[in-house]
Amino acid sequence: GAVVSQHPSRVICKSGTSVKIECRSLDFQATTMFWYRQFPKQSLMLMATSNEGSKATYEQGVEKDKFLINHASLTLSTLTVTSAHPEDSSFYICSASYLARNYEQYFGPGTRLTVT
Amino acid sequence: SQKIEQNSEALNIQEGKTATLTCNYTNYSPAYLQWYRQDPGRGPVFLLLIRENEKEKRKERLKVTFDTTLKQSLFHITASQPADSATYLCALLSHNAGNNRKLIWGLGTSLAVNP
């Protein structure tokens, strides 16, 4: 149980374009979803926390207009990287938690974004 | 600011031995601490959670201790196997600006179990 999927697993895009990453909880209702970014040999950096139906809470230093997060349902959250630049190239991972076990986070497999 | 430190050097051990990984934290008093496993190119997988009022927690071959005086957690894998080779992450509970729970992560320790 508690499976989270992400799509796509890898994406290459040109500088200036936008990319959307989907995160789905497959067998549970995710009351909260988290978006992380991880650079090589670095720790997971939380970008934002989103609760279904409400606006995401962004961490300090994360531009909300550049990283658009939508959590429209209890099973789907999307992250859109707008006007991507090479420095946005990274590993993006989502996680989800649900009310009964809200101290555990269930992670998706991640999305490798490369901006050329 | 809150800081988490894990052994930065990779740990290499022989199959069958016990692996011990360390997580130290400063400027912080977390209500609980978690350990995750991460394989290359994959998202982390939750392993264990230990609360501040618990000294030790076990799950199969895994054991976690939590010393709030030393501000340290130890993560043990007994009878280690090559399949245990991965990066192990320590994470502590905090809160963001909206008072939502969030986790602060260590860099992780890479473990290699040699057959």
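Keep in mind that what you see is a predicted model, and the values were worked out from it rather than measured.

Thoughts on the environment of Asp39 of chain B
All names here are of chain B.
- Within the element layout of this structure, Asp39 appears in the loop between strand S4 (32-38) and strand S5 (45-51).
- Taking relative accessible area as the criterion, Asp39 reaches 27% and is therefore assigned partly exposed.
- Between the C-alpha atom of Asp39 and that of Tyr88, which follows or precedes it by 49 residues, the distance is 8.7 Å.
- Contacts of Asp39, omitting those with residues within four sequence positions, involve Ser85 and Ala86.
- A distance of 3.1 Å separates the side chain of Asp39 from the side chain of Arg37, its partner in a polar contact.

Here's the deal with the sheet that holds strand S7 (residues 67-73) of chain A
Residue and element names in this part refer to chain A.
- With antiparallel pairing, four strands are arranged side by side in an open sheet as S1-S3-S8-S7. With one partner strand each, in any of the chains shown, strand S1 (4-7) and S7 form the two edges of the open sheet. Pairs of neighbouring strands in the sheet enclose a mean axial angle of 15 degrees, with direction left out of account.
- Two elements, S1 and strand S3 (residues 19-25), share four bridges in a ladder whose sense is antiparallel. Its bridge partner being in S3, Ser5 is matched across the sheet by Arg24.

Thoughts on the interface of chain A and chain B
- The interface of chain A with chain B comprises 21 residues on the first partner and 21 residues on the second.
- Carbon and sulfur atoms supply 53% of the area buried between chain A and chain B, which totals about 1700 Å² over both sides.
- For the interface between chain A and chain B, the tally reads one salt bridge.
- The salt bridge partner of Glu59 of chain A is Lys102 of chain B, with a shortest N-O separation of 2.5 Å.
- Connecting chain A to chain B are four residue pairs in polar contact (both at pLDDT 80 or more).

Notes on the state of the cysteines
All names here are of chain A.
- If you walk through the whole model with that rule in mind, you get two disulfides over all chains.
- At a sulfur-sulfur separation of 1.9 Å, the disulfide partner of Cys23 is Cys94. Taking the sign of the S-S torsion, about 80 degrees here, the bridge from Cys23 to Cys94 comes out right-handed. With Cys23 in strand S3 and Cys94 in strand S9 (residues 90-97), this pair connects stretches of sequence that are 71 residues apart.
- Classification of Cys94 by relative accessible area gives buried; the value is 0%.
- The closest cysteine sulfur to the non-disulfide-bonded Cys13 is located on Cys94, 18 Å from its own sulfur.
- Look at Cys13 and you get buried, because its relative accessible area is 9%.

A short note on the nonpolar core
- Formed by 40 residues in total, the largest nonpolar core has its most connected members in Tyr36 of chain A together with Leu33, Trp35, Tyr36, Phe75, Tyr88 and Trp105 of chain B.
- When residues in this core are grouped by element, the largest group, seven residues, is from strand S9 (residues 86-95) of chain B.
- Counting 27 residues, the second-largest nonpolar core is a separate cluster that includes Ala48, Tyr58, Val62 and Leu113 of chain A.

So, the side chain of Thr109 of chain B
All names here are of chain B.
- With respect to the secondary-structure elements, Thr109 resides in strand S11 (residues 109-114).
- Judged by relative accessible area, Thr109 falls into the buried class, the value being 1%.
- For Thr109, the side chain forms a polar contact with the main-chain oxygen of Asn7, separated by 2.8 Å.
- Not counting residues up to four positions away in its chain, the partners in contact with Thr109 are Gln6, Asn7, Glu9, Leu21, Ala86, Thr87 and Tyr88.

A look at the confidence of the model for chain A
- Averaged over every residue, the pLDDT of chain A is 92; residues scoring 70 or more account for 97%.
- Within chain A, no element has a lower average pLDDT than S7 of chain A, which sits at 90, and none a higher one than strand S11 (residues 111-115) of chain A, at 97.

Details of the sheet that holds strand S7 (residues 62-67) of chain B
All names here are of chain B.
- In space, the five strands of this open sheet follow the order S1-S3-S8-S7-S6, with antiparallel pairing throughout. At either end of the open sheet lies a strand with only one pairing partner, and these are strand S1 (3-6) and strand S6 (56-59). Averaged over all neighbouring strand pairs, the angle between strand axes comes to 15 degrees, with direction disregarded.
- Of the strand pairs in this sheet, S7 and strand S8 (residues 72-77) are connected by six bridges, and their pairing is antiparallel. Across the sheet, residue Lys63 finds its bridge partner in S8, namely His76.

Rules behind the numbers
- Residues numbered from 1 in each chain as written.
- Chains lettered and ligands numbered in written order.
- Predicted model: local features only at pLDDT ≥ 70, side-chain atom pairs only at ≥ 80, totals over all residues.
- Heavy atoms only, no water.
- Helix = DSSP H or I, 4+ residues; strand = E, 2+ residues; numbered from the N terminus.
- Buried < 20%, exposed > 50% of the residue type's maximum accessible area, 1.4 Å probe, protein only.
- Contact = heavy atoms within 4.5 Å.
- Polar contact = N/O pair within 3.5 Å; in protein donor to acceptor, adjacent residues only side chain to side chain.
- Pairing = 2+ DSSP bridges.
- Axes fitted to C-alpha atoms, helices over the stretch in contact; angles between N-to-C directions.
- Buried area = accessible area lost by both parts, 1.4 Å probe.
- Salt bridge = Lys/Arg side-chain N within 4 Å of Asp/Glu carboxyl O.
- Disulfide = S-S within 2.5 Å.
- Core = buried A, V, L, I, M, F, W, Y, C linked by side-chain atoms within 4.5 Å.
- pLDDT = per-residue confidence, 0-100.

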